[in-house]
Amino acid sequence: MADADMPSPPERFDYRKSLKNVRSYPFLHKYFPIDRFFVRPCASLIVRAVYRTGVTPNHLTLASFFLALAAGAVYLMGRPVCYAAGGALAMLSTVFDNADGMLARAKDMTSRYGAFLDLFLDRIADFAVLAGITFGVYRASLDPRILMLGLMTIGLYFLQVSLYYLANVYAGNSANGEGAEAKNLAVFFILVFSLAGWPAGVLIGVGLMAAAGTVIKLVSFLRQGREPAAAPARSPAGPTSS
């Protein structure tokens, strides 16, 4: 397609258009609106700054990814000042992670590849941050209970993420980014506990959130049962992957 034929994005950034209408976590949306009143407004500042430049949503996705890797590496040093710096980097990574989708929606640049690039890199970033905290705190304390707590937290976190996507497949829901509010709240707590100099609190908090999420997803699935609307017919070839 020639450049002249390509649709041009809106001239001005539309904040409302950039937002995603998510209602997967109504309790968080009502009582813990960190996403609505802190993360999204901060992300909008990044979007406004790059809106009229050649920066693409995928560029912001990559920036978020490398900031998360940096956060994990800083946490790994196991010193109080590094915990605070790691928390700040993790929060900044999350702000960029929200900004990529906002830019894509605002400029009509959403794509399946961009959505899955975000999902792939997010999971690696999550592991980097949680592993950095776990081994950083263990390195400083040499307490095997911290190591056990961290490994349990990482396992529970990725268990509930797996159940989330399995539930979406079962329900025939192909939407991405529905867990953004929960993740933004978790990273906000990571920031608070890190600034307070209590990184073990991060592992306890994230572990409890992941455990609760796992139970909620399991109960929700069992309540759906075998309702036809909840279990769309499978093609003869079975499920496919992309």
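Refer to the structure presented above.
Residues numbered from 1 in each chain as written. Predicted model: local features only at pLDDT ≥ 70, side-chain atom pairs only at ≥ 80, totals over all residues. Heavy atoms only, no water.

S.K.: Quick one: what's the story with the overall build of the protein, residue by residue and with numbers?
M.R.: Scanning the protein from terminus to terminus reveals 9 helices and 0 strands. Written out in order from the N terminus, the α and β elements of the protein read α-α-α-α-α-α-α-α-α. Considering only contacts within the protein whose residues lie at least 6 apart along the sequence, 82% involve residues at least 24 apart. For the protein, the exposed area adds up to about 13700 Å²; of that, 68% sits on carbon and sulfur atoms. (Helix = DSSP H or I, 4+ residues; strand = E, 2+ residues; numbered from the N terminus. Contact = heavy atoms within 4.5 Å. Areas by Shrake-Rupley, 256 points an atom, 1.4 Å probe, with all protein chains shown as cover.)

S.K.: Lay out the environment of V137 in plain terms, naming residues and giving numbers.
M.R.: Along the chain, V137 turns up in helix α6 (residues 112-141). V137 gets classed as buried once you look at its relative accessible area, which sits at 8%. A sequence separation of 54 residues divides V137 from Y83, and the C-alpha atoms of the two residues are 9.0 Å apart. In contact with V137, not counting residues within four places along its chain, are Y83, L142, I146 and P199. (Buried < 20%, exposed > 50% of the residue type's maximum accessible area, 1.4 Å probe, protein only.)

S.K.: Explain empty space enclosed by the protein to me, and be specific about the residues and the numbers.
M.R.: The gaps left among the atoms become clear once a water-sized probe is rolled over them. This structure, assessed with the given rule, holds 1 cavity of 30 Å³ or more. Empty space within the largest cavity amounts to approximately 210 Å³. What lines the largest cavity is a set of 17 residues, among which D126, V129, K183, V187 and I190 lie closest to the centre. Elements supplying a minimum of two residues to the lining of the largest cavity: α4 (57-75), α5 (80-106), α6 and α8 (180-195). The greatest single-element share of the lining of the largest cavity, amounting to 5 residues, is contributed by α6. Partitioning the lining of the largest cavity into residue classes produces 10 nonpolar, 3 polar and 4 charged. (1 Å grid on protein atoms, 1.4 Å probe; cavity = no way out; pocket = protein on both sides within 12 Å on 5 of 7 lines; lining within 4 Å. Points joined across faces, edges and corners; volume = space filled by probe spheres on them. Nonpolar A, V, L, I, M, F, W, Y, C, P; charged D, E, K, R; others polar.)

S.K.: Give a description of the pattern of salt bridges that names residues and reports values.
M.R.: A full pass over the atoms with the stated rule returns 7 salt bridges. One salt bridge connects D97 with K183, and the closest N-O pair in it is separated by 3.6 Å. On the criterion of sequence distance, the pair formed by D97 in helix α5 and K183 in helix α8 is long-range, its members being 86 residues apart. Taken individually, D97 and K183 each receive the classification buried, so the pair is uniform in this respect. Ionic pairing is found between R145 and D143, a salt bridge with its closest N-O pair at 2.9 Å. A residue is classified by how much of its surface remains accessible, and R145, at 62% relative accessible area, is exposed. (Salt bridge = Lys/Arg side-chain N within 4 Å of Asp/Glu carboxyl O.)

S.K.: A description of the packing of α4 against α5 should follow, citing residues and the corresponding values.
M.R.: Look at α4 against α5: their axes get within 8 Å of each other, and the N-to-C directions meet at 165°. Judged on the interaxial angle alone, α5 and α4 are roughly antiparallel. Handedness of the α4/α5 crossing: left-handed. Here the contact of α4 with α5 is built from residues that sort into 19 nonpolar, 5 polar and 2 charged. (Axes fitted to C-alpha atoms, helices over the stretch in contact; angles between N-to-C directions. Parallel < 35°, antiparallel > 145°, perpendicular 65-115°, else oblique. Left-handed = near helix turned anticlockwise from the far one by under 90°.)

Taken by themselves, the reported measurements are silent on function.
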